[in-house]
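For reference, the chains in residue letters:
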Amino acid sequence: MLGSSIETFLAIVSAGSLSNAAEMLNITQSAVSLRLKNLEGELGTILFDRARGEKNVTLTPAGKAFLPSAEQIRCLIQQSSPKTAYSGLLRIGAVDSVHAFLLPPLYHSLLSCRPSLQLALETHQSWQLSERLERRELDVGFALSARYNPHLKVEPLFQERFFVMRLFRDDNRTTIGHNELDPDEELRIHWGEEYMMWHDKLWNPHIPSAVHLDTLTLICALMVRPEQWAIVPESAMKKNSNAYLFQELDLAPPPRICYKITHWHPRLGALEGLRILEGVLDSFRNASFFL
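Residues numbered from 1 in each chain as written. Predicted model: local features only at pLDDT ≥ 70, side-chain atom pairs only at ≥ 80, totals over all residues. Heavy atoms only, no water.

> Describe empty space enclosed by the protein, listing the residues and the values that go with them.
What the rule picks out here adds up to one cavity of 30 Å³ or more. Considering only enclosed or pocket space, the largest cavity measures out at about 30 Å³ in volume. As for the largest cavity, its lining consists of Arg 91, Arg 136, Leu 138, Asp 139, His 263, Pro 266 and Arg 267. Split by residue class, the lining of the largest cavity holds two nonpolar, one polar and four charged. (1 Å grid on protein atoms, 1.4 Å probe; cavity = no way out; pocket = protein on both sides within 12 Å on 5 of 7 lines; lining within 4 Å. Points joined across faces, edges and corners; volume = space filled by probe spheres on them. Nonpolar A, V, L, I, M, F, W, Y, C, P; charged D, E, K, R; others polar.)

Below, the structure is given as structure tokens:
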């Protein structure tokens, strides 16, 4: 079928090899080769240079000329056959703190689109999100860092400030000095390379904190003494404002930026879900932390 041939062609372009495209499409490499051979036969031209012994392939001049048409054909197929092209499932991945503290309002809005839209939510580290998006195992990811990848579209989505979090006490100050905080009592989370460079300028990196964490939810479980403290993003204040004290630091860390990451060639079944997601995001863009 034309749709599967076009999808296979675009997958090869994105993945850079037939074997990677097969993994991306969850089919055998021989099936990828057959689809490509049939498409080239229909067009009467060779679309990829496939040097003997080389794993990667490159577009021929004819393949480069055909690429815009292939993308248009895929969009036309999606528009003309919504029932077959759209599965109704949108696979979203995010880091734990973004899932739990920032995105619930977004998810509630998306769930109002049921039964036409279903969500599958996964929690991963930022680097894992990029890997799964590249393989199209996720349709969209919300990550705290994003390295260049030719297959992925990366957009800064929102930013938020950091605050010092401590057990609630009789302290009306809105700001606290970094010299007042004992590094031995920190419940530390690695918020990214830029954050850690800032952190190591204020506190000796050779003095280890008592514990290193990878999720915000553990802070609430482990913070039991007045001396303990942690640096958390602004969104954490919304769920814990009554039990804890939140103060700005005299030398503030750089803001936390969250990136929306999608594949340049998403699977057909995700196109309508991504369109709905973008519409919902537009309604949130007036919020102060959205970029």
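Okay, back to it.
> Summarise the sheet that holds strand 11 (residues 230–233); cite the residues concerned and give the values.
Spatial ordering of the open sheet is given by 8-12-7-11, a layout of four strands whose pairing is mixed. Both outer strands of the open sheet, strand 8 (175–176) and strand 11, are each paired with one neighbouring strand and no more. By the bridge criterion, four bridges tie strand 7 (residues 162–167) to strand 12 (residues 244–249) in an arrangement that is antiparallel. Within strand 12, the residue paired with Arg 166 across the bridge is Leu 245. (Pairing = 2+ DSSP bridges. Helix = DSSP H or I, 4+ residues; strand = E, 2+ residues; numbered from the N terminus.)

> Give me the lowdown on the packing of aromatic side chains, citing residues and values where you can.
This model, assessed by the stated rule, comprises seven aromatic pairs. Measuring from ring centre to ring centre gives 5.1 Å for Trp 203 and Trp 229, while their planes differ by 40°; the resulting arrangement is tilted. Remark: Trp 229 occurs in the loop between helix 10 (217–222) and strand 11 and Trp 203 occurs in the loop between helix 9 (193–202) and strand 10 (211–213); sequence separation between them is 26 residues. Residue Trp 203 is classed as buried on the basis of its relative accessible area of 5%. Site record: aromatic cluster; members linked through ring pairs are Phe 162, Trp 191, Tyr 195, Trp 198, Trp 203 and Trp 229. (Phe/Tyr/Trp six-rings, centres within 6.5 Å; stacked < 30°, edge-to-face > 60°. Buried < 20%, exposed > 50% of the residue type's maximum accessible area, 1.4 Å probe, protein only.)

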